[in-house]
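This is what each chain is made of:
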Amino acid sequence: MKTDIAVIGGGASGITAAIAAKEANRRADVTIIEKLPRTGKKIIASGNGKCNLSNKKISEYNYHGSVRAVDIIGNMPDYTSFFTDYLGVLCVSGSEGREGGIYPRSNSSNTIVNAMRMKLDELGIKEICGCEITGIIPENNGYTLICGDENIHCKRVIIAAGGYAAPSFGTDGGIMRLLKNMGYKTSKICPAVAPLRVNPDKLKGLKGVRVKGEISAVSGGRILRTERGEMQFNENNISGICVFNLAYLFAEYEGKLSLKADFLPDMSWDELKNYLENIRKSRGNLPLEELLTGIFVKNLAVYIVKNSIENPLTDRISTLSNSGIQSVLNRIKSLEFEVCGCSPWQNSQSTMGGIHASCVDGNLQSRLHKGIYLCGEILDTAGDCGGYNLQWAWSSGMLAGGSCGKSLKGAGK
Ligand SMILES: Cc1cc2nc3c(=O)[nH]c(=O)nc-3n(C[C@H](O)[C@H](O)[C@H](O)COP(=O)(O)OP(=O)(O)OC[C@H]3O[C@@H](n4cnc5c(N)ncnc54)[C@H](O)[C@@H]3O)c2cc1C
């Protein structure tokens, strides 16, 4: 089989790249090659089926890795131009109180995929599904892609095969390993937008607790990043969007990373101390077990008191010493959990690390192989939770596809 431009991977970045390539060069024959039986499967699952496709506030702070994602995003058409003006999809911001997040107005990710598929049809872009590329061989004037017994000959290749996150959507890092064997440099890889594992002993009694607060990633006593939101305590990990946004730090700080929780960030240490001293006075007859009943859900309230003081919880609150109050305070405002691992890939939404920025030029063309372009999660950038990863996929797809299409001017029929 022959095509001018072969796009490996029919996810968010691959579909966008195919569209951009065809728009840049209507004469080029563009084909998406997808391993799964259909394209766009991860987009459909995104944002709990609602597709948080972008964010109103995009800055450097939201992207991590060697690729300068925010510069590329800033130079590409924004979500309104691409989705509303070009694809006809109406978008709204802030579904479910998620500040800044942009969603399709329909509240359904299918709207996005349907609009993209219609555009692929309109432009005459072909799809070959159920075809896993296992080899990319440079040849005169292009490349041969290996898919089982089939060879696909093309002039240009756009690699949009994603990373390692959520392998049930076709992303097991196979193409990343292939590129490594072809000489591409990768930076350290770990799950991003994912829970972080902590010692299960430290979590005993907390399983099932959900609490709003502040959580910081700490290393060597230094706070690396602080997030606010709902923390969820599970058997061997802590999750919630606020933790998801810290997971990427595991790649750099493995073995020396902790999470420090402040369960009452809106109250200062002094205010809280006064509050506890008042309780000791006014509710001194109650058992210690009830000390924090007015502040937290039962399991968390008991966990904090139990781990702060040695007295039996049946003792009266009035027996609480000043150092006992300090110890309770410490656990409410600064409870530290050592991170002992990251989550399995199936529980993560993105990949920290990937093909290093030094392997591509400003148009996302490979510096190692002319005519190969890369886009999306396979590149070394991970966005925060909140529409940042999909925005990167669309923007990098536009850049790689557009540059690739232009580079072939005059090719095709
Ligand atoms: C459950 C879930 C929810 C998410 N929700 C959001 C959200 O709401 N907002 C947000 O911004 N981000 C979200 N993300 C992250 C976001 O979906 C991804 O970062 C983005 O889809 C990556 O796009 P991509 O095109 O680079 O890769 P992918 O979408 O992963 O697509 C890569 C494609 O390449 C195919 N492929 C892989 N290897 C081969 C091969 N060898 N041959 C042929 N094809 C191959 C795969 O089958 C896959 O279809 C979510 C992720 C998950 C898992």
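Every chain is numbered on its own, with residues counted from 1 as its sequence reads. Side-chain atom pairs in this predicted model are given and counted only at pLDDT of 80 or more, local residue features only at pLDDT of at least 70, and totals for whole chains, interfaces and linings cover all residues. Hydrogen atoms and water are omitted, and side-chain values are computed over all heavy atoms in the structure.

*Asks:* Explanation requested: the domain arrangement of the protein in the structure shown.
*Replies:* The accessible area lost on association of the parts is a frequent measure of interface size. As far as domains go, the protein holds domain 1 (2–190 + 351–407) and domain 2 (195–342). An automatic or database domain assignment supplies the residue ranges for each domain. Here the C-alpha centre of domain 2 lies 40 Å away from the C-alpha centre of domain 1. Throughout, a contact is declared for two residues whenever any of their heavy atoms are within 4.5 Å. Across the contact, eight residues belong to domain 1 and eleven residues belong to domain 2. Here domain 1 and domain 2 share an interface that buries about 840 Å² over both sides, 61% of which is from carbon and sulfur atoms. Here, a salt bridge means any Lys or Arg side-chain nitrogen found within 4 Å of an Asp or Glu carboxyl oxygen. The salt bridge partner of Glu 254 is Lys 188, with a shortest N-O separation of 2.8 Å. Pairs of N or O atoms within 3.5 Å make up the polar contacts considered here, provided that, within protein, one atom can donate a hydrogen while the other can accept it, and that residues adjacent in sequence are counted only when both atoms are side-chain atoms. The tally of links between domain 1 and domain 2 comes to six residue pairs in polar contact (both at pLDDT 80 or more). Grouping the amino acids of the side of domain 1 that touches domain 2 by side-chain chemistry returns four nonpolar, one polar and three charged. When two parts are brought into contact, each loses some accessible area as probed by a 1.4 Å sphere; the total of that loss over both is the buried area. In this count, Pro and Cys sit with the nonpolar residues alongside Ala, Val, Leu, Ile, Met, Phe, Trp and Tyr, while Asp, Glu, Lys and Arg are called charged and the others, Gly among them, polar.

*Asks:* Would you mind showing me how to read the state of the cysteines here?
*Replies:* Note: disulfide means a covalent bond formed between the sulfur atoms of two cysteine side chains. The disulfide criterion is simple: two cysteine sulfur atoms within 2.5 Å. If you walk through the whole model with that rule in mind, you get one disulfide. Here Cys 131 connects covalently by a disulfide to Cys 147, the sulfurs 2.2 Å from one another. Of this pair, Cys 131 sits in the loop between strand 7 (126–129) and strand 8 (135–139) while Cys 147 sits in strand 9 (residues 142–147), and the two are 16 residues apart along the sequence. Throughout, exposure labels follow a simple rule: accessible area from a 1.4 Å probe, protein chains only, divided by the maximum for the residue type, with under 20% read as buried, over 50% as exposed, and the rest as partly exposed. On the basis of relative accessible area, Cys 131 is assigned to the buried category, the value being 6%. You can call Cys 147 buried: its relative accessible area is 12%. Unpaired in this structure, Cys 359 has its nearest cysteine sulfur neighbour in Cys 375, at a distance of 15 Å. According to the relative accessible area criterion, Cys 359 is buried, its value standing at 3%. Comment: elements are numbered from the N terminus, with helices defined as DSSP H or I runs of at least four residues and strands as E runs of at least two.

*Asks:* Explain the sheet that holds strand 14 (residues 222–233) here, please?
*Replies:* Working definition: the strands of a sheet are paired by backbone hydrogen bonds and lie parallel or antiparallel to each other. Within the closed barrel, the six strands sit side by side as 12-15-14-13-16-17. Their pairing is antiparallel. Adjacent strand axes in the sheet meet at a mean angle of 50°, parallel and antiparallel pairs treated alike. Here, a strand pair is defined by DSSP locating no fewer than two bridges between the strands. With five bridges joining them, strand 13 (residues 210–219) and strand 16 (residues 258–262) adopt antiparallel strand pairing. Residue Ser 216 lies in a different strand from strand 16, and its bridge partner there is Lys 260. Under this scheme, a helix contributes an axis fitted over its contacting stretch, all axes are lines through C-alpha atoms, and angles between N-to-C directions fall in the 0 to 180 degree range.

*Asks:* Even after reading the chapter, I still don't get the side chain of Ser 343, so can you show me in this structure?
*Replies:* With respect to the helices and strands, Ser 343 occurs in the loop between strand 17 (335–342) and strand 18 (350–352). At 2.7 Å, the side chain of Ser 343 and the backbone oxygen of Pro 195 are in polar contact. Filtering out sequence-adjacent residues up to four positions away, Ser 343 remains in contact with Pro 191, Ala 194, Pro 195 and Leu 196.

*Asks:* Explain the site of the ligand here, please?
*Replies:* As a matter of local geometry, the ligand sits amid 35 residues, with Ser 13, Glu 34, Lys 42, Glu 377 and Leu 390 nearest to it. A distance of 2.8 Å separates a nitrogen atom of the ligand from a polar atom in the backbone of Asn 52. Grouping the constituent residues of the shell around the ligand by class yields 15 nonpolar, 15 polar and five charged. Whether a residue is near a molecule or strand depends on its heavy atoms: it is near if one of them lies within 4 Å of it.

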